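Overview (structure and organization)
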Amino acid sequence: MAEATAQEIELHKLILSGDSLALSKLYDFHGESLIKILKSRYPKHAKLDEALIIESVTEALFGYYKNPKTYDQTQSTLKRFLEVASERDLINLLEKHSKYSKRRKSLPNDVELQKNKRNRATKDNSDPESLLIQSESFVSLKKALSAYFKSVRDIELAMLIISKVRETEKYSEILEITHLDIEEQQLEVKRNKDRIKKVLDREDVESKLKRIFQ
Amino acid sequence: MSVKIKLLGLAIKKVADDSDFMAYFLLKYSQIEKLSEQEVISFLKCSQEDYYKLGLCKTPDANSTNFIEQLNKVSEYTHTSSIELNNILKRVITIEKFAHSDNTSFLMAARDKKKGKKDKENE
């Protein structure tokens with residue numbers, strides 16, 4: 001069983017003694033390497049949401065900093081101890097995340113929501129005139145986007161991005177990947193969104209469209 | 001933005017409410033002086049990484065006899081000027097003292113002395 005290195009023992013002593021630089025040094029010595037380790041162990045999650053990995057490392061470092069006596073320097077290296085702690089925190093966070101996603105997913109789609117009487121900003125756009133304007137705008141938007149994207153699928157994805165739609169489900173439907181695992185869907189959607197966004201940014205499409213529709 | 005910066009940024013947010021850490025004073029100072037984080041970094045003439053590392057350092061105790069020693073230790077580690085750090089600490093401490101003090105003590109100082117019986121007799 002590997003024991004703590006001299007540098008780790010010194011850092012541990014600093015933390016125990018409440019040294020003014022201890023937390024900063026802990027982050028400096030171990031923060032980045034812990035993120036690298038977790039990223040290599042969970043590459044899919046690292047691509048999808050780096051923030052979760054950063055959060056789990058933060059939890060682990062603060063957990064140790066607040067209760068340094070939980071670490072026994074004769075049992076393992078500090079690095080290993082922090083690795084285990086941050087991985088455990090990441091697993092907990094992922095579980096929490098997936099429970100939340102499942103709860104969101106389990107909501108039925110056909111729930112009829114009551115009209116919010118208090119929200120007077122909500123405008124009813126179902127009158128024939130509004131519908132006509134909407135459909136004309138829709139056609140012109142599609143036509144304008146066809147200058148930048150060749151496939152119909154890309155045009156539809158670009159329209160969703162421009163409309164600031166965030167739900168993965170909508171993108172998955174267009175990409176026809178609804179049969180995949182939710183995490184795989186998110187990954188594929190992100191890949192496609194990044195690709196489309198690159199074109200939109202490079203060509204400055206949004207401001208050009210604004211000028212057309214003004 | 002590097003992953004280390006993101007990590008340090010999240011860490012200083014966690015301690016920003018705790019006056020035991022410099023992050024608290026950096027945040028308060030930026031609020032008092034209406035400065036952005038970048039402007040405070042320029043004021044301290046340090047890198048963003050050093051600024052975040054500074055935030056994670058414990059605050060030197062202004063009432064301690066070795067305050068200067070503690071301040072120099074932090075400034076040396078974070079490559080910042082101890083004079084500027086001292087200015088930040090003192091500014092925040094002073095403002096907070098005024099903000100949390102009992103207002104009546106200042107009113108008393110501003111009021112004229114009430115005329116007592118002796119004063120009236122002298123007149």
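Overview of the structure. (Residues numbered from 1 in each chain as written. Chains lettered and ligands numbered in written order. Predicted model: local features only at pLDDT ≥ 70, side-chain atom pairs only at ≥ 80, totals over all residues. Heavy atoms only, no water.)

So, about the interface of chain B and chain A. If you look at the interface, chain B gives 18 residues, while chain A gives 21 residues. Summed over the three residues of chain B that lose the most area to chain A, namely V3, L7 and Y77 of chain B, the buried surface amounts to 31% of that side. Between D19 of chain A and K73 of chain B there is a salt bridge, and its shortest N-O distance comes to 2.6 Å. Listed by contribution, the elements that provide at least two residues to the side of chain B that touches chain A are α1 (3-15), α4 (48-55) and α5 (67-78) of chain B. Among the elements that take part in the side of chain B that touches chain A, α1 of chain B stands out by supplying 9 residues, more than any other. Broken down by class, the residue content of the side of chain B that touches chain A amounts to 11 nonpolar, no polar and 7 charged. (Contact = heavy atoms within 4.5 Å. Buried area = accessible area lost by both parts, 1.4 Å probe. Salt bridge = Lys/Arg side-chain N within 4 Å of Asp/Glu carboxyl O. Helix = DSSP H or I, 4+ residues; strand = E, 2+ residues; numbered from the N terminus. Nonpolar A, V, L, I, M, F, W, Y, C, P; charged D, E, K, R; others polar.)

The subject of this paragraph is the packing of aromatic side chains. Considering all chains together, one arrives at 8 aromatic pairs over all chains under this definition. With centroids separated by 6.1 Å and ring planes inclined at 65°, the aromatic side chains of Y27 of chain A and F62 of chain A adopt a geometry described as edge-to-face. With Y27 of chain A in helix α2 (residues 22-41) and F62 of chain A in helix α4 (residues 50-66), this pair connects stretches of sequence that are 35 residues apart. A relative accessible area of 5% places F62 of chain A in the buried class. Measuring from ring centre to ring centre gives 5.9 Å for Y64 of chain A and F81 of chain A, while their planes differ by 70°; the resulting arrangement is edge-to-face. Highlighted residues: Y64 of chain A in helix α4 and F81 of chain A in helix α5 (residues 78-105), separated in sequence by 17 residues. Taking the relative accessible area as the measure of exposure, Y64 of chain A reaches 1% and is therefore buried. An aromatic cluster is built from Y64, Y71 and F81 of chain A, whose rings are joined through pairwise contacts. Directly above the aromatic system of F62 of chain A lies the positively charged group of K14 of chain B, at a separation of 5.5 Å from the ring centroid. (Phe/Tyr/Trp six-rings, centres within 6.5 Å; stacked < 30°, edge-to-face > 60°. Buried < 20%, exposed > 50% of the residue type's maximum accessible area, 1.4 Å probe, protein only. Lys NZ or Arg CZ within 6 Å of the ring centre and 35° of its normal.)

So, on to the environment of Y65 of chain A. Positionally, Y65 of chain A belongs in helix α4. Relative accessible area serves as the criterion here: at 12%, Y65 of chain A is assigned to the buried category. Apart from the residues lying within four places of it in its own chain, the contact partners of Y65 of chain A are I15, A22, L23 and L26 of chain A together with F21 and K58 of chain B.

Residue and element names in this part refer to chain A. Within the fold, Y42 resides in the loop between α2 and α3 (43-48). Residues Y42 and I53 lie 11 residues apart in sequence; the distance between their C-alpha atoms is 8.9 Å. Leave out the neighbours within four places in its chain, and Y42 touches I53, E87, L90, I91 and L94. Of note is the side chain of Y42, whose polar atom sits 2.8 Å from the side chain of E87. (Polar contact = N/O pair within 3.5 Å; in protein donor to acceptor, adjacent residues only side chain to side chain.)

Residues and elements named next belong to chain B. Between its first and last C-alpha atoms helix α6 (residues 82-100) spans 27 Å; for 19 residues at 1.5 Å apiece the expected length is 27 Å, and the two agree. Considered for burial, the residues of α6 that qualify are E84, L85, I88, L89, V92 and E96. All buried residues of α6 fall inside an arc of 135° around its axis, so they share one side. Structural note: α6 exposes I83, K97 and F98 on the side pointing more than 90 degrees away from its buried face. Tucked inside the fold, the buried residues of α6 contact α2 (22-32), α3 (37-44), α4 and α5. (Expected span 1.5 Å × (residues − 1). Arc of directions from axis to C-beta.)

These figures capture arrangement, not role.
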